[in-house]
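One-letter residues, chain by chain:
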Amino acid sequence: MYTEFNSMDNARYVFDQILDKTIFVWNAIIRGFALAGNGEEALSLYYRMNQIGIPSDRFTYTFALKALVVSSPSVSLIRKGKEIHGHILRHGFESYVHIVTTLIDMYARFGCVSYAGYVFVKMPERNVVSWSAIIACYAKNERPFEALQLFWEMMSETFDVIPNSVTMVSVLQACAALSALGQGKLLHCYVLRKGFDSTLSVMNSLVNMYLKCGSLENGRQIFDQMVKKDIVSWNSIIAGHAINGYGKEAVVLFRDMIRSGISPNIITFVSVLGACSHAGLVDEGKQIFDSMALLHKVVPSVEHYACMVDLLGRAGRLEEAAKVVEGMRIEPGPTVWGSLLGACRIHCNVELAERASIRLFQLEPVNAGNFVLLADIYAAAKMWEEVSKVKKLLEARNLQKVPGCSWIEVKRKIYSFVSIDELNPQMEQLHALLVHLSSEMKEKGYVPDTRVVLYELDQVEKERILLGHSEKLALAFGLINSGKGETIRITKNLRLCEDCHSVTKFISKFTNREILVRDVNRIHCFREGFCSCGDYW
DNA sequence: TTAGGGTTAG
């Protein structure tokens, strides 16, 4: 009873009074602490129980695994998880679906995707919950492609498991991550056929999927028709308008949300401030930031300060941005310094960039992206000696930049590209098309923006590297393999570079195509030589 | 009387 009311002091008091503690009593207290978020206490009780020789039953393991998941992060957690996994095997509990599903979820939350996959494959019996757990595992751990594959496998004749609303949420999340609009539409039909359209979480996931795929109209239509909307619905639609470049509309939606009686939370503010930032709405952003604590009782966190730094920095008000950092009431984290460094890159401010990176490198010594950002800034200023110093730092710390990767969905199949990929059978054809387009563009005034190439090479070599960027390869592939007039949709794992941005603008005009590129931050919609971001990204 | 999977941002 006390654990149900989250009154753990009382629960613990009663627990301590019980002289003859049955396994049920142990389970109840471990469960209570785990559910209350006190994983450490739950675990220490679990260990004590083991110590005094009380054997676990089929309920104990799930609570102990949950306790691990809610504990504050530490490297030893995975080891402890594997130990519990060992206990489960040694005591013959490996065929209990509940226990093994919890194991999958534990490995998923610790990012141990291959362990989760191994446990799943070894399961003697799987049901819709275990399938959902493994699909969610891939969807959440940046493996959306495998999540989709597993979903279709689950539906296949071999396994013939019927998905439920929870499964749909995860698989739609995978579609959103991939920007796989074709797959997403297919799933939308399935949702309608099976009547999942009365489940709020599924509808929220659909809205999110359409918006992440750059299909604002579809997402908006579903949202407008939803009878019941919760905080997730509103946050999704606001963030969705933001990434699609509709900053003003995102602010309008934010006001609608408040008017409809739903209180904004921390996520709402990250989204709406992000919207202001991308649309250059500095005054609105400042006003909303000031209203957070005053009007909405939401205390600004580091992320919100990072949004403000980004908002001001992007707009070129670097000194003001730096002042925000200085005046922060909480410790500025890596996101804040990172935003400042990003702004320095846009506005080529070497001095401030150096100041920001000193702090940033202390806080995040292993994030290669930060070093690359600084190198970028030096390269833009043609400070080649500094560029090579930063690169040596990277090498000395054995850090590697995340390789650029782009993918495209053509006829409901997904194709991925990394820069200069000899294994791709169409590579020669793709490169030839790009060389051809490039020379045509040059006649129309295109100048390759070689600043992003961080090597001291001659012009020809730099241009060759530029043409090998993964998004250009995906674009060429799309031009060759999709129908005339069809919109080309590309997704990239990093930020779109300046050269790819201007090339895509040219190509949208030349080929009279609409081209959508989603980079790590937002969606660019290229049409007739212009981009929806207004070159502000 | 105790059990498993899900949505929004960065």
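Residues numbered from 1 in each chain as written. Chains lettered and ligands numbered in written order. Predicted model: local features only at pLDDT ≥ 70, side-chain atom pairs only at ≥ 80, totals over all residues. Heavy atoms only, no water.

Undergrad: Would you mind going over the side chain of Asp 310 with me for this structure?
TA: Its place among the elements puts Asp 310 in helix 18 (residues 302-314). Residues within four places of Asp 310 in sequence aside, it is in contact with Ser 277 and Ser 339. (Helix = DSSP H or I, 4+ residues; strand = E, 2+ residues; numbered from the N terminus. Contact = heavy atoms within 4.5 Å.)

Undergrad: I would appreciate a short explanation of the sheet that holds strand 4 (residues 515-518) in the present structure.
TA: Strand pairing in a sheet relies on backbone hydrogen bonds. The paired strands run either parallel or antiparallel. The strand order across the open sheet built from 6 strands is 2-1-3-4-5-6, with neighbouring strands paired in mixed fashion. Where the open sheet ends on each side, the last strands, each with one partner, are strand 2 (413-418) and strand 6 (530-531). Sheet analysis places strand 5 (residues 523-527) next to strand 6, joined by 2 bridges and oriented antiparallel. Directly across from Arg 527, in strand 6, lies its bridge partner Phe 530. (Pairing = 2+ DSSP bridges.)

Undergrad: Which parts of the structure should I look at to understand the pairing of strand 2?
TA: Consecutive side chains of a regular strand alternate in pointing toward one face of the sheet and then the other. Of the pairings in the sheet, the one linking strand 1 (residues 405-410) to strand 2 comprises 6 bridges and is antiparallel in character. Opposite Trp 407, over in strand 2, you have Ser 416 as the bridge partner. Linkage of strand 1 to strand 2, two consecutive antiparallel strands, is achieved through a turn of 2 residues, within which Lys 411 is found at a positive phi near 50°.

Undergrad: Help me out: how do you make sense of unusual backbone geometry in this one?
TA: Positioned with a positive phi, Ser 179 is a non-glycine residue whose angle comes to about 55°. Relative to the helices and strands, Ser 179 resides in the loop between helix 10 (165-178) and helix 11 (181-194). Taking relative accessible area as the criterion, Ser 179 reaches 8% and is therefore assigned buried. Not every positive phi belongs to a glycine, and Lys 297 is a case in point at roughly 55°. (Buried < 20%, exposed > 50% of the residue type's maximum accessible area, 1.4 Å probe, protein only.)

Undergrad: What am I meant to see in the protein's contact with DNA strand B here?
TA: If you check the shell around DNA strand B, you find 39 residues, and the closest are Lys 66, Asn 127, Lys 140, Ser 201 and Asn 235. Sugar plus phosphate: this is where 45% of the atoms of DNA strand B within 4 Å of the protein reside. Interatomic distance of 3.0 Å between a side-chain N/O atom of Arg 109 and a phosphate oxygen of DNA strand B. Note that a phosphate oxygen of DNA strand B is positioned 3.0 Å from one of the side-chain N or O atoms of Lys 212. The set of elements that each furnish at least two residues to the surface near DNA strand B consists of helix 2 (23-35), helix 4 (60-70), helix 6 (97-109), helix 8 (128-140), helix 10, helix 12 (200-212), helix 14 (231-243) and helix 16 (266-279). For the surface near DNA strand B, the per-class residue count stands at 15 nonpolar, 16 polar and 8 charged. (Near = heavy atom within 4 Å. Polar contact = N/O pair within 3.5 Å; in protein donor to acceptor, adjacent residues only side chain to side chain. Nonpolar A, V, L, I, M, F, W, Y, C, P; charged D, E, K, R; others polar.)

Undergrad: I keep staring at helix 18 and nothing clicks. Help me out?
TA: Structurally, the α-helix is built with 3.6 residues per turn, so residues lying three or four positions apart point the same way. Here helix 18 spans 18 Å end to end across 13 residues, near enough to the 18 Å set by a 1.5 Å rise per residue. Considered for burial, the residues of helix 18 that qualify are His 304, Tyr 305, Ala 306, Cys 307, Met 308, Val 309, Asp 310, Leu 311, Leu 312, Gly 313 and Arg 314. Each element contacted by the buried residues of helix 18 is listed here: helix 16, helix 17 (282-296), helix 19 (318-326) and helix 20 (334-346). Following helix 18 by one or two positions, Gly 316 has its phi on the positive side, about 90°. (Expected span 1.5 Å × (residues − 1).)

Undergrad: Could you clarify how one ought to interpret the pairing of strand 1 in this entry?
TA: With 6 of 6 residues buried, strand 1 is to be regarded as a mostly interior element. Here strand 1 pairs with strand 3 (residues 488-492) via 3 bridges, running antiparallel. Bridging from a neighbouring strand, Ile 408 pairs with Ile 490 of strand 3.

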